[in-house]
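Survey of secondary and tertiary structure
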Amino acid sequence: MKVTGAQAVIECLKKENVEVVFGYPGGAVLTLYDELYLSDFPHILPKHEQGAIHAADGYARATGKVGVCIATSGPGATNLITGIATAYMDSIPIVIITGQVAVSLIGRDSFQEADIRGITTPITKHNYFIKDAKDLPKAMKEAFYIARTGRPGPVLVDISKNVFAAELEFEYPETINLRGYRPVYDGDPEAIDAVYSELLKAEKPLFFVGGGVTLSDTSDIMRKIVAYSGIPTVTSLMGLGCIAEDDPNYFGMIGMHGTYAGNLSTTETDLLIGLGVRFDDRVTGLLNEFADKAKIIHFDIDAAEVNKNVRSHIKVIGNLQWSLDKLYAKMTERPSSEWTGQFRPWRDKMTAWMNEKPLVYNTDSERILPQAVIEKISEITQGNAVIVTDVGQHQMWTAQFYQFKQPRAFLTSGGLGTMGYGLPAAMGAQVGVSGKKVICICGDGGFMMSCQELMAIADLNLPLKIIILNNSYLGMVAQWQRTFYNQHYAHSCIKTKTDFVKLSEAMGVPAIRLEKKEELKTVLEKVIASEGPFLVDIRIPEDEDVLPMVPSGARLDQMIMGG
Amino acid sequence: MKHTLAVLVENKPGVLTHISGLISRRAFNIESIAAGYTEEPDMTRITIVVEADDEYVLEQVVNQLSKLIDVIKIIDLTGQDRVHRELALIKVTATPETRADILNIVEIFRAHVVDVNKETVIVQLTGEERKIDAMCELLEDYGIREIVRTGRIAICRGPVSAKEV
């Protein structure tokens, strides 16, 4: 079949069952956009390319499918960078299509020319530059395959403008042949046996669950193992929702703002089993003393993650679907009661820690406290909403106080910590899971970084709810300045004459300001039950801290406690 | 400890940039990197000499490089029975008075003079790094104007090729 390059791109998207693309047109992709127009392909237009890439990311996180994003050459492509890096750090599958100047203009500093392949090399799983139309189908096939298999990640395909108009004989490859890319699925069964024998010996084992469990959709089998064995479980920020918050074996998130019980358990455990985690510095605290009484077992699909930060005694490389199935089968050789009996004293100890110092805040405050907002949203949605956050204090309060029940219900920029992520990512998530309640929680700082997307949300009439926890400060920056920089609030005060309610209304999203504590429940109930988009600007105190807090570089049991 | 890695990669534009970029981003210490065509037209072989304090650093280098889609295979040649060589071209000041002495040194090292003029000679030497270092040290007395070295390339002895290991 003879087609143009632009038609070929659309055909590839159809072959990959892409439902929608997030993009922004421009010179180098005009031919492609003409074809999107002619084929009536579903396309969402954010108001900034950064919005497009975050939206594709939110769509991918919420649905588990590959997100697709399109931008033009030069500034269009460079506006994607932060979003690509965000997705790369959190292993989110996205295929990014960028236009490039025509082949004849390459390398001449032409209008809107940028070496996007060079620029994105360290922040993509792989990338392509297509200057010959005949290479297009193979590259697209590989791009989708690489993005979603193995450890997922963003893949960029940069296509010269003339390629979109050039003709080619279209045939979508049936198979993939990449000599240098064979993602592991099955690992070494002996490693599972080794894990089993360590578990038999352990007194204080601890499951540490990360984003890899979400990405591999293995929360169910992981929960089975936990329920069967009674092994206490903690999560990273990215692992929230993989196990229900009310599970008696669950002891919360660990790390800089982790729970008392969770953080303390890492210093006491004798067998720490990491499942799809990176051992990020925000989680480990002082690396040399992280879990220093424990043997460490690391389950991961990416061999390069093992021994990168924390040294492992046993590595289990492979897809968690393979390894956790195998582990569960092996563990059921021994009765459940024997496992739970073996670990009961340890679990009881952790439960005692949890009861001794739970996550608390001042419920007597006359003001609306952010923690109360999160708790209320959690109650109203019964932990079943898809929660999307920006980055900062509100993100940590959400992680601490929302009672997550399911994976893919907490979408947040964990690795890169990207302010401005929340609103566009929530938009993408809502497009992907139209039947679900999606709530975006952001701070007043991060909100302003991508507030232009209110326009897109209004025009699409997405039923997204936006909650701004507004303390007139870059809250997390201010918290650090309060704690470590002698209360020098250097440029973290963002008190403004801007009226967020009017701003929102001007962009087409109805909004309300909320200051009175007694109105919190009724307003939130009404807003969450409403049909279209809605924004609530909630005024919270300036000086509320996220606690507990482990100072940067301290051991995890060195927590500044609250309450 | 120094490790010699043979990295077989797809012969595509941008691969060498990708590899050298990854190495610098992850702060690995690289002594040398040398790339060239191989017996297969679609494959390039890169020899990397990396300084690794312990096995974990080496493991990270190998694992991180292996993740690149265009990297087909990595072989650590360090413990193996192998031949490794480097090529150097050295431009040395050579006056009528000193030229004979320089030629003498060239002879001893089994090097070659590949260019000569009134003021200088260019010496070509192949060998292990130590040998090149030793000759440079001797030639320094006469005034070295320019040195260019290829970095190490290495190959295993015996009939088996790296891609079959």
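Counting restarts for each chain, with residues numbered from 1 along the sequence as it is written. Note on labels: chains are lettered from A, ligands numbered from 1, in written order. Residue-level local features of this predicted model are given only where pLDDT is at least 70; pairs of side-chain atoms are given and counted only at 80 or more, and the full residue set underlies all totals for whole chains, interfaces and linings. For the side-chain quantities, the full set of heavy atoms in the structure was used; hydrogens and water were omitted.

1. Here's the deal with the interface of chain A and chain B
Contact between two residues is taken to exist if any of their heavy atoms lie within 4.5 Å; hydrogens are not considered. Taken together, the contacts link 20 residues of chain A with 22 residues of chain B. Throughout, the accessible surface (probe 1.4 Å) given up by two parts as they are put together, summed over both, is called the buried area. With both sides pooled, the region where chain A packs onto chain B buries about 1,800 Å², and carbon together with sulfur makes up 45% of that total. A side-chain nitrogen of Lys or Arg and a carboxyl oxygen of Asp or Glu constitute a salt bridge if their distance falls within 4 Å. Joining chain A to chain B, the criterion identifies five salt bridges. Here K315 of chain A and E59 of chain B are joined by a salt bridge, their closest N and O atoms 3.9 Å apart. Here a polar contact is taken to be a pair of N or O atoms separated by no more than 3.5 Å, where protein atoms must pair a possible hydrogen donor with a possible acceptor and residues adjacent in sequence count only if both atoms sit in side chains. Counting across the interface, chain A meets chain B through seven residue pairs in polar contact (both at pLDDT 80 or more). Three classes are used, and their members are as follows: Ala, Val, Leu, Ile, Met, Phe, Trp, Tyr, Cys and Pro are nonpolar, Asp, Glu, Lys and Arg are charged, and the others, Gly among them, are polar. For the side of chain A that touches chain B, the residue count by class is eight nonpolar, four polar and eight charged.

2. A short note on a nonpolar patch on the surface
A contiguous nonpolar surface patch, about 280 Å² in accessible area, is contributed by F484, Y485 and I560 of chain A. A run of H or I in DSSP becomes a helix once it reaches four residues, and a run of E becomes a strand once it reaches two; helices and strands are each numbered from the N terminus. Here Y485 of chain A shows up in the loop between α21 (475-484) and α22 (500-506). Patch membership is restricted to residues that have no salt bridge and whose relative accessible area is over 30%. Joining uses 9 Å for like charges and 5 Å for the nonpolar side chains Val, Leu, Ile, Met, Phe, Trp and Tyr. Computed by Shrake-Rupley with a 1.4 Å probe, the accessible areas treat only the displayed protein chains as cover when residues are assessed.

3. Section: the domain arrangement of chain A
Residue and element names in this part refer to chain A. How far each domain reaches was decided by an automatic or database domain assignment. We note that the domain assignment places domain 1 (2-169), domain 2 (189-356) and domain 3 (370-539) within chain A. Each of domain 2 and domain 3 has a C-alpha centre, and the two are 31 Å apart. Facing 18 residues of domain 2, the contacting portion of domain 3 comprises 18 residues. Both faces considered, domain 2 and domain 3 share a buried interface measuring about 1,400 Å² in area, 61% of it formed by carbon and sulfur atoms.

4. A closer look at the pattern of salt bridges
Using the criterion set out here, one finds 48 salt bridges over all chains in the structure. Put simply, K2 of chain A and E169 of chain A hold a salt bridge, and the shortest N to O gap is 3.9 Å. You can see K2 of chain A sitting in strand β1 (residues 2-4) and its partner E169 of chain A sitting in strand β8 (residues 167-169), a full 167 residues away along the chain. For the pair shown, K2 of chain A and E169 of chain A are each scored as exposed. D42 of chain B serves as the salt-bridge partner of R179 of chain A, at 3.5 Å between the closest nitrogen and oxygen. Of this pair, R179 of chain A sits in the loop between β8 and α9 (189-201) while D42 of chain B sits in the loop between β2 (29-37) and β3 (43-51), each in a different chain. Partly exposed describes any residue whose relative accessible area lies between the buried limit of under 20% and the exposed limit of over 50%, with all areas from a 1.4 Å probe on protein chains only and scaled to the type maximum. We classify R179 of chain A as partly exposed; its relative accessible area is 22%.

5. Topic: the layout of surface pockets
Quantified by volume, the second largest pocket comes out at close to 1,100 Å³. Any residue with an atom within 4 Å of a point lines the site, the site being either a cavity, points on a 1 Å grid over the protein atoms alone where a 1.4 Å probe fits but cannot get out, or a pocket, an open set with protein on both sides within 12 Å along at least 5 of 7 lines. In terms of lining, the second largest pocket is formed by 41 residues, of which the most central are D302 and A304 of chain A together with N63, S66 and K67 of chain B. Secondary-structure elements contributing two or more residues to the lining of the second largest pocket are α5 (81-89) of chain A together with α1 (15-25), α2 (55-67) and β4 (71-76) of chain B. Residue composition of the lining of the second largest pocket, grouped by class: 19 nonpolar, ten polar and twelve charged. Grid points are joined across faces, edges and corners, and a volume is the space filled by probe spheres set on the points.

6. Some details on the side chain of S229 of chain A
Residues and elements named next belong to chain A. Mapped onto the elements, S229 comes out in helix α11 (residues 219-229). Only 2.7 Å separates the side chain of S229 from the backbone oxygen of I225, close enough to count as a polar contact. Excluding residues that lie within four positions of it along the chain, S229 makes contacts with M331, W339, T340 and F343.

7. Section: the packing of aromatic side chains
All names here are of chain A. Here a Phe, Tyr or Trp ring, Trp counted by its six-membered ring, pairs with any other such ring whose centre lies within 6.5 Å, and the pair is stacked when the planes are under 30 degrees apart, edge-to-face when over 60, and tilted otherwise. Taken as a whole and judged by the stated rule, the model has 15 aromatic pairs over all chains. When the centroid spacing of 4.9 Å and the interplanar angle of 50 degrees are considered together, the rings of F404 and F410 count as tilted. Of the residues examined, F410 reaches a relative accessible area of 9% and is grouped as buried. An aromatic cluster is present here, built from Y196, W339 and F343 joined pairwise through their rings.

8. A look at the packing of α9 of chain A against helix α14 (residues 320-331) of chain A
Residue and element names in this part refer to chain A. To get an axis, a line is fitted to the C-alpha atoms, and for a helix only the part in contact is used. The angle between two axes follows their N-to-C directions and goes from 0 to 180 degrees. One can describe the packing of α9 onto α14 by two numbers: an axis separation of 10 Å at closest approach and a directional angle of 50 degrees. The angle between α9 and α14 places the two elements in the oblique class. Where α9 crosses over α14, the two elements pack in a sense that is right-handed. In contact with P189, I192, D193, V195, Y196 and L199 of α9, α14 contributes W322, S323, K326, L327, K330 and M331. Broken down by class, the residue content of the contact of α9 with α14 amounts to eight nonpolar, one polar and three charged. For classification purposes, angles smaller than 35 degrees are called roughly parallel, those larger than 145 roughly antiparallel, those between 65 and 115 roughly perpendicular, and all remaining angles oblique. Take the far helix as the reference: if the near one is turned anticlockwise from it by less than a right angle, the crossing is left-handed, and if turned clockwise, right-handed.

9. Some thoughts on the domain arrangement of chain B
Residue and element names in this part refer to chain B. Here chain B is partitioned into domain 1 (2-76) and domain 2 (83-153). Between the C-alpha centres of domain 1 and domain 2 there is a distance of 29 Å. At the interface, six residues of domain 1 touch four residues of domain 2. Put simply, domain 1 and domain 2 have zero salt bridges between them. Between the two partners, domain 1 and domain 2, sit two residue pairs in polar contact (both at pLDDT 80 or more). When residues of the side of domain 1 that touches domain 2 are traced back to their parent elements, those giving at least two are β2 and β3. At three residues, the largest contribution of residues to the side of domain 1 that touches domain 2 is made by β2.

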